[in-house]
Amino acid sequence: NLLRCFTCDRLCGGCTAPAPPPRQGIALQPVMPSCEPGPPAACLPTKTFRSYLPHCHRTYSCVHCQAHLAKHDELISKSFQGSHGRAYLFNSVVNVGCGPAEQRLLLTGLHSVADIFCESCKTTLGWKYEQAFETSQKYKEGKFIIEMSHMVKDNGWD
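All of these numbers come straight from a predicted model, not from anything done at the bench.

(A) Examining the overall build of the chain more closely. A tally of helices and strands in the chain yields zero helices and 12 strands. Along its sequence from the N terminus, the chain presents helices and strands in the succession β-β-β-β-β-β-β-β-β-β-β-β. Split into buried and exposed, the 158 residues of the chain put 40% on the buried side. Excluding contacts between residues fewer than 6 apart, the proportion of contacts in the chain whose partners are at least 24 apart in sequence is 45%. Carbon and sulfur atoms make up 52% of the accessible area of the chain, which totals about 8,800 Å².

(B) Structural view of the nonpolar core. Membership of the largest hydrophobic core comes to 16 residues, with the highest contact counts inside it found for Phe90, Ile146 and Met151. Judged by nonpolar contacts, the second largest core, of eight residues, contains Phe80, Leu89, Trp127 and Ile145.

(C) Quick peek at a positive patch on the surface. Taken together, the side chains of Arg58, Lys78, Arg86 and Lys153 make up a positively charged region of the molecular surface. Note on placement: Arg58 falls in the loop between strand 3 (31–32) and strand 4 (59–62).

(D) Up close: unusual backbone geometry. Look at Gln66: it is not a glycine, yet its phi comes out positive at around 65 degrees. With a phi angle near 70 degrees, Lys122 is a residue other than glycine that sits in the positive phi range. Along the polypeptide, Lys122 turns up in the loop between strand 9 (109–118) and strand 10 (124–132).

(E) How the structure looks around a nonpolar patch on the surface. Together, Leu105, Leu110 and Phe133 make up a nonpolar patch on the protein surface, roughly 300 Å² of accessible area in all. Judged by relative accessible area, Leu110 falls into the partly exposed class, the value being 33%.

(F) Spatial organisation of the packing of aromatic side chains. The full count for this structure, using the stated rule, is four aromatic pairs. In this structure an aromatic cluster arises from ring pairing among Tyr60, Tyr88 and Phe90.

The rules behind these values
Residues numbered from 1 in each chain as written. Predicted model: local features only at pLDDT ≥ 70, side-chain atom pairs only at ≥ 80, totals over all residues. Heavy atoms only, no water. Helix = DSSP H or I, 4+ residues; strand = E, 2+ residues; numbered from the N terminus. Buried < 20%, exposed > 50% of the residue type's maximum accessible area, 1.4 Å probe, protein only. Contact = heavy atoms within 4.5 Å. Areas by Shrake-Rupley, 256 points an atom, 1.4 Å probe, with all protein chains shown as cover. Core = buried A, V, L, I, M, F, W, Y, C linked by side-chain atoms within 4.5 Å. Patch = residues over 30% accessible without salt bridge, like charges linked within 9 Å, V, L, I, M, F, W, Y side chains within 5 Å. Salt bridge = Lys/Arg side-chain N within 4 Å of Asp/Glu carboxyl O. Lys, Arg positive; Asp, Glu negative; His and termini not counted. Charge placed at Lys NZ, Arg CZ, Asp CG, Glu CD. Phe/Tyr/Trp six-rings, centres within 6.5 Å; stacked < 30°, edge-to-face > 60°.

Rendered as structure tokens:
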């Protein structure tokens, strides 16, 4: 399992150097902090999220592993229904993977959707609207639903 080294941008199997602090607002690939050689037992990857959102913004994170998911500024609506309860519609998200698209008959009509999951813990979070077949629903295309039961609010919600 090769990872891209943060320091020298080479592929390596891991290392023992301490992790650098996360860079705010910059998308990161899975990285190792340095590729200095070390004993194999010490070459276990650290838990590194693909993207960190700025601490100065209100954010939503995965309730299961605390990976950042979205900035509050990307929230479009709080009035959506997921498969298992209330959900929020976001313009964009981070640290999520996307499954294959399939057609589903939802409360608002037929849509082509793809389930999304947390890249860190693999929990299914909601779905991405790939295509809406009704004109009134076209605004959802390319947007993301995350169920509230899978999110926590972070940073400045006091």
